[in-house]
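Architecture at a glance
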Amino acid sequence: MKKKKSWKERVVFGLIMAVLIVLAIIELVPFLWMFMSGFKSNAELLLEPFKLPEEWLASNYRRAWTNGIGGYLLNSVFVTAISTVMTLVFSIMAAYPIARIRFKYQKASLMFVLSGLMLAPMVAMIPLYKILIGTHLYDTYLAMIVPYVAFRLPFTIFLIWSFFMGIPKDIEESAIIDGCSPVGVLWKIFVPLSKPIISAAAVLAIRTFWNELMFALCFTQSTRLKTVPVGLLSLKSSMETEWPVLVAGLALSALPVVIIYILFQKQLIRNLTAGGVKG
């Protein structure tokens, strides 16, 4: 039989829920306003920005899509997916030996990885540009993917390394005694146990790659390669003062990331709360 909560506990619970609801509303209002404004006319958006549209103009979204948003979304999905998969695979493969295998330069390897966190991307713009020109990668998908992965690896390796360090050695030793190779231990033991941190690293990487503008703008020039951030700049130029179409483009560009958070939030929260390894 469940114990009834005291009035103090109920008050505290109510206050916490009220604060969370207020925070949720604060987070949701800008998104809802953006999606709603995409259906307005230009006059309604400028003169009555917070009122519901008198006529819901779905044509704004169609115009935004036909003016390039559709292609920009496909490019962003491709670049983000490839960059995220490569970042996770390389990070897992690098974090495991640094965390679990003893070798001469183990600490030096960790410090080398952590030093990458201190390098600002804008500092490497000119050297990267010259490297991409010299390797004939400029104005290709790889001109975005390679720098994305390179600058995301230090942080992701650090996250996964810190989680690998917390996995008990007994599990690893038991697997080796049962005949599992080091590669098998990594992919069959460590990776399944590390789903919480891998999920978190994936979501953070997706958000970073999806919103990245500087490399995509400087290392590509073809229209067919433009991702969402760069494409929105082009859409702004082509639409001039047709702000509802531009807002509709912004809404469409934000939709994939919102969907990813909605689809994977339960799994991510469940893994973070129940997927830890007890020592």
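Structure: above.
Here the focus is the overall build of the protein chain. A count of helices and strands for the protein chain gives 12 helices and zero strands. Helices (α) and strands (β) of the protein chain occur, in sequence order from the N terminus, as α-α-α-α-α-α-α-α-α-α-α-α. Across its three principal directions, the C-alpha atoms of the protein chain cover 70 × 70 × 30 Å. Taking all 279 residues of the protein chain together, 38% fall into the buried category. Put simply, 74% of the contacts in the protein chain that link residues at least 6 apart link residues at least 24 apart. About 17,200 Å² of surface is accessible on the protein chain, with carbon and sulfur atoms providing 71% of the total. Considering the protein chain, the positive charge centre built from 26 side chains and the negative charge centre built from 14 side chains are found 11 Å apart.

Next up on the list: the nonpolar core. Nonpolar side chains in soluble globular proteins tend to end up buried together. Grouped together as the largest cluster of nonpolar side chains are 42 residues, with contacts concentrated most on Ile92, Tyr148, Phe164, Leu186, Phe190 and Phe219. Broken down by secondary-structure element, the contributors of at least two residues to this core are helix H3 (59–100), helix H4 (106–115), helix H5 (125–134), helix H6 (142–165), helix H8 (182–193), helix H9 (195–211) and helix H10 (214–218). Take this core: its biggest share by element is 12 residues, from H6. Ranked by size, the runner-up nonpolar core spans 19 residues in total, among them Trp210, Leu246, Ala248 and Val257.

Moving on, we get to a nonpolar patch on the surface. Side chains of Val12, Phe13, Ile16, Met17, Val19, Leu20, Ile21, Val22, Leu23, Ile25, Ile26 and Val29 sit close together on the surface and give an oily, nonpolar patch of about 1,100 Å² of accessible area. On the secondary structure map, Ile25 appears in helix H1 (residues 7–37).

Basis of the calculations
- Residues numbered from 1 in each chain as written.
- Predicted model: local features only at pLDDT ≥ 70, side-chain atom pairs only at ≥ 80, totals over all residues.
- Heavy atoms only, no water.
- Helix = DSSP H or I, 4+ residues; strand = E, 2+ residues; numbered from the N terminus.
- Buried < 20%, exposed > 50% of the residue type's maximum accessible area, 1.4 Å probe, protein only.
- Contact = heavy atoms within 4.5 Å.
- Areas by Shrake-Rupley, 256 points an atom, 1.4 Å probe, with all protein chains shown as cover.
- Lys, Arg positive; Asp, Glu negative; His and termini not counted.
- Charge placed at Lys NZ, Arg CZ, Asp CG, Glu CD.
- Core = buried A, V, L, I, M, F, W, Y, C linked by side-chain atoms within 4.5 Å.
- Patch = residues over 30% accessible without salt bridge, like charges linked within 9 Å, V, L, I, M, F, W, Y side chains within 5 Å.
- Salt bridge = Lys/Arg side-chain N within 4 Å of Asp/Glu carboxyl O.

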